[in-house]
Amino acid sequence: MEERFWQCGGRRLPLTTPLLMGILNVTPDSFSDGGSHANTAAAVAHGLRLAEEGADIIDVGGESTRPGARPVPVDEECRRVVPVIRALARETDRPISVDTRKAEVARRALAAGACIVNDVAALAGDAAMLPVVRDAGAGAVLMHMQGTPETMQQAPRYDDVVAEVRGWLERRVTEVVAAGIPAERLAIDPGIGFGKTLGHNLALLGALESLAAIGPPLLVGLSRKRFIGEITGAPVPERLAGSLTALVWCVWRGAGILRVHDVRASRQALRVAMALAAGARPREAPAGLPSGPAFV
Ligand code: HH2
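What comes next is a walk through the structure. Being a predicted model, the structure only gives us computed values, none of them experimental.

**As for the nonpolar core**
Then, number 1: Counting 74 residues, the largest nonpolar core has Leu 24, Val 60, Ile 85, Leu 123, Val 220 and Leu 258 as its most contacted members.
Then, number 2: When near neighbours in sequence (up to four residues on either side) are disregarded, Leu 258 contacts Pro 18, Leu 19, Leu 20, Met 21, Val 220, Leu 247, Cys 250 and Val 251.

Encoded structure:
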């Protein structure tokens, strides 16, 4: 099988096995780890821990996008993330992404050593974002969201959530490529929980192969999210088992990048999932993982 890469700045991230993107929220109010790494030293220490536990990418965010979250001013978001990115870029070789919707935050984060912009607004929320990413040669995550974090969970509506999200991601990739960012720099993401009910999330997770078939690596972020609580009744700190179960499902269905809080446990789940896939392949799975069709 031909080896695939995600091109991010000067780095080529191999997509031979799924990548783990470790979450580092430098915020007081993120839904699961808000306040835990709110100062620079604590955040850097946690980022280094994520690297040591096996994160392939460290995703640094300074603004919560949980439902109902209030926007954070540019300077405050930069104050949170830029020193952390600068220190991590010095102290680890792991690629760093910045989770932001703001061009100025992205620009300063890329200058500080990030090589990926993870934008829940798919480079469309801020008119200056696309040129910043293009001119830096950075990688980018294009995520689907219905509405904005302030309002998205009030009444999400779709006629056919899978067809609409798939069509939207396809169009967005085409637009971004036409605007000068090569496809090999892009990853796509259905945006689990971003303007979606439990039913919408489950329909999208059930149709990951059709999203993976769009082309760019498919990123899924579901770690500790509300839909796991809706299924199980578990509060946020007790959603690890549900998160790992869903992670295994996603890698078997073609996800190439998993955004997770619990890196050590996710690494173990991923190793076992891949070993099981390799064992089953001769009998049941003619296609390769992670980009091929599913076998479960
Ligand atoms: N989810 C969150 C934030 N950023 N980025 C991508 N690409 N995909 C996601 O699913 C995604 C994301 C929300 O999770 P978290 O960062 O843990 O919480 P908060 O937004 O409250 O900081």
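Now that the structure has been shown, the text picks up again.
**A word on the sheet that holds strand E3 (residues 19-25)**
Then, number 1: Judged by pairing direction, the sheet is parallel, and its eight strands sit side by side in the order E8-E7-E6-E5-E4-E3-E10-E9 without closing on themselves. Two strands close off the open sheet at either side, each with one partner strand: strand E8 (186-189) and strand E9 (219-221). For this sheet the average axis-to-axis angle between neighbouring strands, irrespective of direction, equals 25°.
Then, number 2: As paired elements, E9 and strand E10 (residues 257-260) share three bridges and run parallel to each other. Bridging across to E10, Gly 221 finds its partner in Arg 259.
Then, number 3: On top of the sheet, helix H1 (residues 40-53) reaches E3 and strand E4 (57-61); it is set at about 165° to E3, its chief contact.

**Overview of the side chain of Thr 65**
Then, number 1: In this fold, Thr 65 is placed in the loop between E4 and helix H2 (74-91).
Then, number 2: When neighbours within four sequence positions are excluded, Thr 65 is seen to be in contact with Arg 101, Val 120, Pro 149, Met 152 and Phe 194.

**Observations regarding the pairing of strand E2 (residues 11-14)**
The side chains of a regular strand alternate, first on one face of the sheet and then on the other.
Then, number 1: For strand E1 (residues 5-8) and E2, the ladder comprises four bridges, and the chain directions are antiparallel. Among the inter-strand pairings, Trp 6 is bridged to a residue of E2, identified as Leu 13.
Then, number 2: In textbook terms, the turn of a hairpin is the stretch between consecutive antiparallel strands, and for E1 and E2 this stretch comprises two residues, one of which, Gly 9, has a positive phi near 60°.

**So, the packing of aromatic side chains**
Then, number 1: Applying the stated criterion to the full structure yields zero aromatic pairs.
Then, number 2: Here the guanidinium or amino end of Arg 12 rests over the ring plane of Phe 5, the centre of that ring lying 3.8 Å away.

**Focus on the layout of surface pockets**
To find leftover empty space, one rolls a probe the size of a water molecule over the atoms.
Then, number 1: Size it by volume and the largest pocket reaches roughly 490 Å³.
Then, number 2: As for the largest pocket, its lining consists of 33 residues, and the residues nearest its centre are Phe 31, Arg 66, Pro 67, Phe 194 and Lys 225.
Then, number 3: Of all elements in the fold, only E3, helix H6 (198-206) and helix H8 (226-232) reach the threshold of two or more residues within the lining of the largest pocket.
Then, number 4: In terms of residue count, H8 provides more of the lining of the largest pocket than any other element does, three residues in total.
Then, number 5: Here the lining of the largest pocket is built from residues that sort into eleven nonpolar, twelve polar and ten charged.

**Details of the pattern of salt bridges**
Then, number 1: Applying the stated criterion to the full structure yields 20 salt bridges.
Then, number 2: We note a salt bridge from Asp 56 to Arg 267, for which the minimum N-O separation is 2.8 Å. Of this pair, Asp 56 sits in the loop between H1 and E4 while Arg 267 sits in helix H10 (residues 263-284); the two residues are 211 residues apart in sequence, bridging distant segments of the chain.
Then, number 3: Using a relative accessible area of 24% as the deciding quantity, one classes Asp 56 as partly exposed.
Then, number 4: Here Arg 108 ties to Asp 75 by a salt bridge, and the two come within 3.2 Å at their closest N and O atoms. A residue pair is termed long-range when its members are at least 10 positions apart, and Arg 108 in helix H3 (residues 103-112) and Asp 75 in helix H2 qualify at 33 residues.
Then, number 5: Relative accessible area serves as the criterion here: at 29%, Arg 108 is assigned to the partly exposed category.

So, how was this worked out
Residues numbered from 1 in each chain as written. Predicted model: local features only at pLDDT ≥ 70, side-chain atom pairs only at ≥ 80, totals over all residues. Heavy atoms only, no water. Core = buried A, V, L, I, M, F, W, Y, C linked by side-chain atoms within 4.5 Å. Buried < 20%, exposed > 50% of the residue type's maximum accessible area, 1.4 Å probe, protein only. Contact = heavy atoms within 4.5 Å. Pairing = 2+ DSSP bridges. Helix = DSSP H or I, 4+ residues; strand = E, 2+ residues; numbered from the N terminus. Axes fitted to C-alpha atoms, helices over the stretch in contact; angles between N-to-C directions. Phe/Tyr/Trp six-rings, centres within 6.5 Å; stacked < 30°, edge-to-face > 60°. Lys NZ or Arg CZ within 6 Å of the ring centre and 35° of its normal. 1 Å grid on protein atoms, 1.4 Å probe; cavity = no way out; pocket = protein on both sides within 12 Å on 5 of 7 lines; lining within 4 Å. Points joined across faces, edges and corners; volume = space filled by probe spheres on them. Nonpolar A, V, L, I, M, F, W, Y, C, P; charged D, E, K, R; others polar. Salt bridge = Lys/Arg side-chain N within 4 Å of Asp/Glu carboxyl O.

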